[in-house]
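Examining the three-dimensional arrangement
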Amino acid sequence: MATSAAQAGMIGALAARFRSCPVTGLQIDLAAERLIKANAIAAVVFLAIGGVFGLLVALTRWPAVHLLSSDMFYLVLTAHGLDVLLLWIIFFEIAVLYFASAILLNSRLAAPRLGWVAFALMLIGGLLTNVAVLQGDSSVMFTSYVPMQASPNFYLGLILFAVGALIGCCIFLGTLVIAKDEQTYEGSIPLVTFGALTACIIAFFTLASGAVILIPTWLWSLGYISHIDTVMYKLVWWGMGHSSQQINVSAHVAIWYLIAAVTVGAKPLSEKVSRGAFLMYILFLQLASAHHMLVEPGLSSEWKVFNTSYAMYLAVLGSMIHGMTVPGAIEAAQRKNGYVNGAFEWLRKAPWNNPAFAGMFLSLVLFGFLGGISGVVLGTEQINIMMHNTLYVPGHFHATVVTGTTLAFMAVTYLVLPLIFQREVAFPKLARIQPYLFAIGAGGISLFMMGAGTLGVSRRHWDITFSDATLAFDYPAAAFLMLGLNGLFAILATVGGALYVIIAVWTILFGRRVTAENALAALGPMPPRLQVHTAVAEYGSAGTWHLPGTYILISVFFVSFVLYYFVNWKYLSELWPMG
Amino acid sequence: MAEPTAAPTARERVPFMQRLLDNPFLLLFLGVTSPAVLYLLWGVMELSQIPIAR
Ligand code: HEM
Ligand SMILES: [Cu+2]
């Protein structure tokens with residue numbers, strides 16, 4: 001008697017904790033949903049702040065404008081890197097982890113209260129570091145290389161933020177355990193969740209490296225430790241700094257699969273192959289951290305070449321596999337949706353006016369062509385030397401982390417708004433062009449920074465005219481042109497980014513509520529004969545390799561890659577003429 | 001579609017790769033050890049062998 005009453009009470013309590021998703025039928029844990037919302041909102045706020053800083057930096061590097069004073073330039077550059085690279089990206093990633101575990105596995109979230117502790121730590125840490133930077137005595141860039149010293153709160157904020165993020169990762173793992181125990185899914189976890197697991201694993205190494213280096217550095221800034229070795233600092237710091245970029249790659253690849261599954265019903269071509277590619281990431285991707293140490297004395301060529309060549313190529317192989325299987329999965333699904341003519345009908349008739357799809361595909365193409373190719377060039381010990389510490393480096397990573405990760409996160413937002421916030425996306429016409437605007441702007445700044453870097457312009461440099469230097473130096477006129485174009489495209493990227501922020505915030509505050517009737521329509525235009533609506537939460541492959549269009553796209557990619565790679569070796573041979 | 005998702009029968013052995021990929025904590029162990037040894041430990045060993053200047 002007593003037990004059945006207790007059971008009834010429990011069932012009631014459980015029912016109150018869940019709602020049923022009108023599109024997928026999944027049970028959605030309301031506690032997980034609230035945490036996803038909070039983390040996503042924090043992410044967007046920091047993107048807005050950091051994006052404005054980015055514009056200010058770009059306008060300063062445009063010699064004709066040269067907006068900020070030198071002091072302000074380095075302050076703003078520090079804040080820019082911090083707010084976009086750490087706060088925007090990692091807050092969003094925590095939201096992705098909760099989504100990929102609790103929501104996709106149809107499970108309750110492990111320890112939601114702890115989730116709020118994690119959120120509070122991250123928020124307080126992020127604010128603390130921001131305040132320290134804005135106070136002006138911590139303009140050390142986000143890399144904070146010793147012996148440059150920031151105020152103690154700069155490091156303390158980062159440490160609190162990292163501890164919060166680590167708790168978030170533990171909650172993700174805990175949720176995997178709960179879902180398995182309570183058998184909320186069958187067989188293996190879905191591929192998107194596996195991608196999120198990859199991101200989470202890399203995050204553990206990242207955050208551990210961060211703790212190992214930032215805690216002593218904090219104590220050093222307080223005066224408890226007298227000396228920190230500069231090269232040792234750099235080595236361990238990049239264990240965090242670079243690996244965190246690989247969290248981004250894993251997370252945005254998982255999101256590519258997710259968006260492809262929801263908007264065109266794509267299933268992975270082969271679960272085995274895609275999971276194998278993620279395994280390559282888990283084992284090898286983090287070793288590429290060594291490319292930041294390529295010109296450092298004291299480390300052997302064996303260490304450099306092993307970590308950046310042999311190991312990194314295995315990880316690059318993983319990326320190439322995803323770069324092929326994502327478009328391949330889309331092609332396979334679109335052929336099922338009825339677009340079977342020629343090599344490219346599937347692509348032409350893809351839902352290009354759905355901002356989630358458009359953003360995802362642009363992210364895929366730009367990440368591969370701009371970010372991927374330039375990354376391999378920079379990661380090669382010999383040709384790295386031509387571009388090391390030039391603007392080529394920010395050019396490369398704006399292609400990866402902005403046109404790749406940021407654009408993918410923006411794209412998935414157009415699904416998260418209706419599915420999690422249960423609001424129809426506001427200003428649908430503007431939303432439709434937003435990914436294109438941002439992609440063109442961000443693609444432009446990547447290309448023109450790479451262009452300026454190829455001409456030798458340094459990164460993190462306030463005045464390339466050297467106006468008050470004792471020794472004069474002139475860059476070619478083309479370098480000034482590149483920086484001017486960079487400024488123009490920075491304005492375009494800012495407009496695209498601002499549109500995103502406005503649309504997201506407006507939707508959350510004033511968007512029309514999504515109901516069972518309009519839930520599917522709220523996800524944006526999709527192929528009229530879309531077959532699969534639940535591909536995202538299931539295990540299973542597409543079961544076809546008839547993909548002529550994808551094979552053509554891949555060939556174009558390889559030819560560009562090989563040509564560009566060898567052009568750089570040719571440049572290198574001209575740098576030091578022999579004989 | 002092609003791959004079976006049903007639980008394997010008692011006699012059927014789950015392939016090694018599948019057992020690896022279905023075990024998040026083993027993956028976590030591998031993903032942390034690999035860079036900790038090959039990047040960090042090896043790197044720290046080389047740096048600590050540099051003689052101190054006097
Ligand atoms: C409106 C969009 C953006 C513009 C116009 C922009 C522009 C720039 C410029 C001009 C630099 C300075 C390069 C230098 O002088 O060395 C820079 C640095 C940087 N940006 Fe952006 N950016 C934007 C968005 C982003 C986003 C979304 C991210 C990350 C997700 C990002 C990450 C970084 C990082 C990590 C640095 C390096 C800071 C440093 O060297 O310490 N940027 N950005
Ligand atoms: Cu890196």
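Residues numbered from 1 in each chain as written. Chains lettered and ligands numbered in written order. Predicted model: local features only at pLDDT ≥ 70, side-chain atom pairs only at ≥ 80, totals over all residues. Heavy atoms only, no water.

Section: the overall build of chain B
The number of helices and strands found in chain B is two helices and zero strands. As displayed, chain B offers around 4,100 Å² of accessible surface, 69% of which is attributable to carbon and sulfur atoms. (Helix = DSSP H or I, 4+ residues; strand = E, 2+ residues; numbered from the N terminus. Areas by Shrake-Rupley, 256 points an atom, 1.4 Å probe, with all protein chains shown as cover.)

Details of the overall build of chain A
Within chain A, the secondary structure is distributed over 17 helices and two strands. Taking the principal axes of its C-alpha atoms as reference, chain A extends roughly 85 × 65 × 45 Å. Looking at chain A as a whole, 60% of its 579 residues qualify as buried. Partitioning the intrachain contacts of chain A with sequence separation of at least 6 by distance along the chain shows that 83% fall at a separation of at least 24. Considering chain A, the positive charge centre built from 26 side chains and the negative charge centre built from 23 side chains are found 12 Å apart. (Buried < 20%, exposed > 50% of the residue type's maximum accessible area, 1.4 Å probe, protein only. Contact = heavy atoms within 4.5 Å. Lys, Arg positive; Asp, Glu negative; His and termini not counted. Charge placed at Lys NZ, Arg CZ, Asp CG, Glu CD.)

As for the interface of chain A and chain B
Frequently, the measure chosen for interface size is the accessible area removed from exposure when the parts meet. Taken together, the contact between chain A and chain B spans 41 residues of the former and 28 residues of the latter. Here chain A and chain B share eight residue pairs in polar contact (both at pLDDT 80 or more) between them. Taken together, the elements giving at least two residues each to the side of chain A that touches chain B come down to helix 5 (152-181), helix 6 (191-222), helix 7 (230-241), helix 9 (271-284) and helix 10 (301-336) of chain A. Residue composition of the side of chain A that touches chain B, grouped by class: 23 nonpolar, eleven polar and seven charged. (Polar contact = N/O pair within 3.5 Å; in protein donor to acceptor, adjacent residues only side chain to side chain. Nonpolar A, V, L, I, M, F, W, Y, C, P; charged D, E, K, R; others polar.)

Brief notes about the coordination of the iron atom of ligand 1
Ideal donor angles around a metal are set by the shape: a four-donor tetrahedron calls for 109.5 degrees, a six-donor octahedron for 90 or 180 degrees. Looking at the iron atom of ligand 1, the protein donor atoms are H80 of chain A (NE2) and H398 of chain A (NE2), and they sit 2.0 Å from it. Taking the relative accessible area as the measure of exposure, H398 of chain A reaches 13% and is therefore buried. (Donors = N, O, S within 2.8 Å, 3.2 Å for Na, K, Ca; no water.)

Digging into the packing of helix 12 (residues 355-378) of chain A against helix 17 (residues 548-575) of chain A
Between two packed helices, what matters for the description is the angle formed by their axes and the separation of those axes. Residues and elements named next belong to chain A. Two elements in contact, helix 12 and helix 17, have axes whose closest approach is 10 Å; the angle formed by their N-to-C orientations is 35 degrees. Both helix 12 and helix 17 take part in a crossing whose hand is right-handed. Across the interface between the two elements, G368, F369, I373, V376 and V377 from helix 12 touch V556, F557, S560, F561, Y564, Y565 and N568 from helix 17. Residues of the contact of helix 12 with helix 17, tallied by class, amount to nine nonpolar, three polar and no charged. (Axes fitted to C-alpha atoms, helices over the stretch in contact; angles between N-to-C directions. Left-handed = near helix turned anticlockwise from the far one by under 90°.)

Remarks on the coordination of the copper ion (ligand 2)
Residues and elements named next belong to chain A. For the copper ion (ligand 2), every protein donor is listed as H242 (ND1), H291 (NE2) and H292 (NE2), and the spread of their distances is 1.8 to 2.1 Å. Considered as a linear motif, the donors of the copper ion (ligand 2) on their single chain read H-x48-H-H. Here H292 lies in the loop between helix 9 and helix 10 and H242 lies in the loop between helix 7 and helix 8 (243-264), a separation of 50 residues in the sequence. Exposure class is identical for H242 and H292. Each is buried.

Re the site of ligand 1
Residue and element names in this part refer to chain A. Around ligand 1, the surrounding shell holds 24 residues, and the nearest of these are R61, H80, H398, R459 and R460. Elements represented by at least two residues in the shell around ligand 1 include exactly helix 2 (30-61), helix 3 (70-103), helix 14 (392-419) and helix 16 (477-510). Residues that form the shell around ligand 1 fall into these classes: 16 nonpolar, five polar and three charged. Both domains that meet at the shell around ligand 1, namely domain 1 (26-189) and domain 3 (350-516), each give it at least three residues. (Near = heavy atom within 4 Å. Domains from an automatic or database assignment.)

What to know about the environment of V236 of chain A
Tracing the sequence through the fold places V236 of chain A in helix 7. Residue classification places V236 of chain A among the buried positions, given a relative accessible area of 7%. V236 of chain A sits 154 residues away from L82 of chain A along the chain, and the two C-alpha atoms are 18 Å apart. In this view, V236 of chain A contacts S209, V212 and I213 of chain A together with L40 of chain B; residues no more than four positions away in its chain are not counted.

Some remarks on the pattern of salt bridges
Residue and element names in this part refer to chain A. Evaluation of the coordinates by the stated rule reveals nine salt bridges over all chains. Here R17 makes a salt bridge to D29, at a shortest N to O gap of 3.6 Å. With R17 in helix 1 (residues 2-17) and D29 in strand 2 (residues 27-29), the pair connects residues that are twelve residues apart, well separated along the chain. Among the residues examined, R17 registers a relative accessible area of 30% and is labelled partly exposed. (Salt bridge = Lys/Arg side-chain N within 4 Å of Asp/Glu carboxyl O.)

Let's talk about the state of the cysteines
In protein structure, a disulfide is the covalent linkage between the sulfur atoms of two cysteines. Residues and elements named next belong to chain A. If you walk through the whole model with that rule in mind, you get zero disulfides over all chains. There is no disulfide at C170, and the cysteine sulfur nearest it, in C169, is 6.9 Å away. For C170, a relative accessible area of 42% corresponds to the partly exposed category. For the unlinked cysteine C200, the closest cysteine sulfur is that of C169, found at 4.3 Å. (Disulfide = S-S within 2.5 Å.)

Regarding helix 17 of chain A
All names here are of chain A. In this model, helix 17 (28 residues) spans 41 Å end to end at C-alpha, consistent with the 40 Å of a helix rising 1.5 Å per residue. Residues of helix 17 that are buried: G549, T550, I554, F557, F561, Y565, N568 and L572. Its buried side turned inward, helix 17 meets helix 10, helix 11 (345-348), helix 12 and helix 13 (381-387). (Expected span 1.5 Å × (residues − 1).)

Section: the confidence of the model for chain B
With 80% of its residues at a pLDDT of at least 70, chain B reaches an overall mean of 83. Both scores are given for the predicted complex: the pTM is 0.93, the ipTM 0.90. (pLDDT = per-residue confidence, 0-100.)

Some words on unusual backbone geometry
Only a minority of non-glycine residues have a phi that is not negative, and only a minority of peptide bonds are not trans. Residue and element names in this part refer to chain A. Note that the residue after V146, namely P147, is joined by a cis bond; omega there is 10 degrees. In this structure, P147 sits in the loop between helix 4 (112-134) and helix 5. In this structure, A111 takes a positive phi of about 45 degrees despite not being glycine. When its relative accessible area of 39% is taken as the criterion, A111 is described as partly exposed. Within the chain, M141 stands out as a residue other than glycine whose phi angle is a positive 65 degrees. Within the element layout of this structure, M141 appears in the loop between helix 4 and helix 5.

Considerations on a nonpolar patch on the surface
Residues and elements named next belong to chain A. A cluster of nonpolar side chains, namely F427, L430, I433, I502, V505, W506, L509 and F510, defines an oily patch on the protein surface of about 750 Å² accessible area. With five residues, the top contributor of residues to the nonpolar patch is helix 16. Its place among the elements puts L509 in helix 16. (Patch = residues over 30% accessible without salt bridge, like charges linked within 9 Å, V, L, I, M, F, W, Y side chains within 5 Å.)

Looking at the environment of N153 of chain A
Residues and elements named next belong to chain A. Along the polypeptide, N153 turns up in helix 5. Sequence separation between N153 and N130 is 23 residues; the distance between their C-alpha atoms is 9.3 Å. Once residues lying within four places of it in the same chain are set aside, the contact partners of N153 are L128, T129 and A132.

Thoughts on the packing of helix 14 of chain A against helix 15 (residues 428-454) of chain A
Remark: helix 14 of chain A packs on helix 15 of chain A, axes separated minimally by 7 Å, with the N-to-C direction vectors making an angle of 170 degrees. By the angle class used here, helix 14 of chain A and helix 15 of chain A are roughly antiparallel. (Parallel < 35°, antiparallel > 145°, perpendicular 65-115°, else oblique.)

Some points on the domain arrangement of chain A
Residues and elements named next belong to chain A. Per the domain assignment, the segments making up chain A are domain 1 (26-189), domain 2 (197-336) and domain 3 (350-516). One C-alpha centre belongs to domain 2, the other to domain 3, and the line joining them spans 20 Å. Between domain 2 and domain 3, the contact holds 29 residues from the first and 27 residues from the second. The tally of links between domain 2 and domain 3 comes to zero salt bridges. Linking domain 2 with domain 3 are two residue pairs in polar contact (both at pLDDT 80 or more). Those elements giving two or more residues to the side of domain 2 that touches domain 3 turn out to be helix 8 and helix 10.

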